[in-house]
Each structure stands twice: as structure tokens, then as C-alpha cells.
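Inside the fold
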Amino acid sequence: TQLLEQSPQFLSIQEGENLTVYCNSSSVFSSLQWYRQEPGEGPVLLVTVVTGGEVKKLKRLTFQFGDARKDSSLHITAAQPGDTGLYLCAGIYNFNKFYFGSGTKLNVKP
Amino acid sequence: EAQVTQNPRYLITVTGKKLTVTCSQNMNHEYMSWYRQDPGLGLRQIYYSMNVEVTDKGDVPEGYKVSRKEKRNFPLILESPSPNQTSLYFCASSFGVAGNNEQYFGPGTRLTVT
């Protein structure tokens, strides 16, 4: 059983559509991070959220940390083929111990 | 160039034959960590180190050892590898408190244990 449940596992959409990826847990985290991973490479950090209720925007990507610091969402507006990749959330305990979700494989078709 | 390097990148070995995967970073980062990635499970943390001579268990430490004798190096040791340790392994490092800062990941080591 994963400590951090990530959904959906797979997402295939057309260019221009919006999408949301969710990470949920019953545990409280000190912070939460979202990563994107390309095939054959290591994950690359997109954002870190620390405060409950925090919202961060990175161009067309919006990240939200739940009020109770147990869950998070990633919303992409007007998805583009360049957004294709594996998206991973990671809940962090005591700022040093990491628990990753199982990942969301996103495919954006032109 | 600031980077995390891992060696080897690919390794096929047999059950029980001790092996070491090296990890080195040139960014003077205090924090280093090892993860394994398996299909459908995301990344799972094996061990982490907050500084020289300070290491701690992650979520899946069984069957692995680490050491942090120098700041730049954090080798992962499999004393007696088994087939269930076949996986893609990533080393990562970050400045200061990992949960507040960016972790930089190495390119990965694909290990197959037969």
C-alpha cells in the first residue's frame, strides 16, 4: 500500500485540454514536491509547497497543497505535447524522508 | 557543470555477488539519497544522509548498505544481491534541508540480478 496515492495513473488527452492530477494521503507532511520525469532520465523538480492551503503557479501549471497538508493537486491548463511525461508527487516527513506517489503518465496528443 | 554522477549506468549480475554503485556530486550538497524505481510503485527511498557520517533509513532499506565518509560521495552497497533488487536506482543530492530545496537526480543505474 502506497503512503501517497496518486491518480490517475494514466492520462491521454488532446492538445489544449485541461487536466488535474491528485495526490492523497492520510498522513500529514512537512512539505510536498512535484517532479516531472522524462524516459531515461532522473526526475526534475517542478515545485515545493510547504504551507497548508498554499497555491503556486508555474506558467500553465497550478499546484495546490491541502489545508491539512495531507493532499495536493497539479492542474495543467491548455496542455501541450511538450507537457508529456511522468509526473510524480513526493510527500516529505521531517523535511528529509521522502514518500513518492506511483506517478501519472501523461500523453498529450497534437 | 553541476551534476550528480552514478556508476555503472547498467549492471547485470548474479545472485549473491557483492556489488557497489557509486554516486558523486560536485555541488557541495549536504543531503544525499538513494531511491529505487519500479513500475507502478514510483520511487522509494532506500537510505539518505544529511551530512558526512550521518545516514538514516528510508522506506525500503533491507538488503542495502550505505556510507558517507566524504561529502561528495554516497555509495550504495548490495552485500548479497537477490533478484527482487532488480530495479532502476537513482542517487540524488540537495543543498541543506531536502524537503525545502531542489533535489538533483543522477542519470540512474539499471541493475539486473539473475
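Please refer to the structure placed before this passage.
We now turn to the structure provided with this report.

What counts and what doesn't
- Residues numbered from 1 in each chain as written.
- Chains lettered and ligands numbered in written order.
- Predicted model: local features only at pLDDT ≥ 70, side-chain atom pairs only at ≥ 80, totals over all residues.
- Heavy atoms only, no water.
- Helix = DSSP H or I, 4+ residues; strand = E, 2+ residues; numbered from the N terminus.
- Rg over C-alpha atoms; globule rule 2.2 N^0.38 Å.
- Buried < 20%, exposed > 50% of the residue type's maximum accessible area, 1.4 Å probe, protein only.
- Contact = heavy atoms within 4.5 Å.
- Buried area = accessible area lost by both parts, 1.4 Å probe.
- Salt bridge = Lys/Arg side-chain N within 4 Å of Asp/Glu carboxyl O.
- Polar contact = N/O pair within 3.5 Å; in protein donor to acceptor, adjacent residues only side chain to side chain.

1. What about the overall build of chain A?
Each helix and strand in chain A was counted, giving zero helices and 11 strands. The secondary structure elements of chain A, listed N-terminal to C-terminal, are β-β-β-β-β-β-β-β-β-β-β. Its C-alpha atoms give chain A a radius of gyration of 13 Å, near enough to 13 Å, the size a compact globule of 110 residues would have. Taken over the C-alpha atoms alone, chain A extends approximately 40 × 30 × 20 Å along its principal axes.

2. Focus on the environment of A:Trp34
Relative to the assigned elements, A:Trp34 resides in strand S4 (residues 31-37). A relative accessible area of 0% means that A:Trp34 is categorised as buried.

3. What about the interface of chain A and chain B?
On the chain B side, the residues contacting the 23 residues of chain A number 25 residues. A combined buried area of about 1,800 Å² lies between chain A and chain B, and 52% of that area is made up of carbon and sulfur atoms. The largest contributions to the chain A side of the interface with chain B come from A:Asn96, A:Phe98 and A:Phe100, which together make up 30% of the buried area. Here chain A and chain B share zero salt bridges between them. Inspection of the chain A/chain B interface yields five residue pairs in polar contact (both at pLDDT 80 or more).

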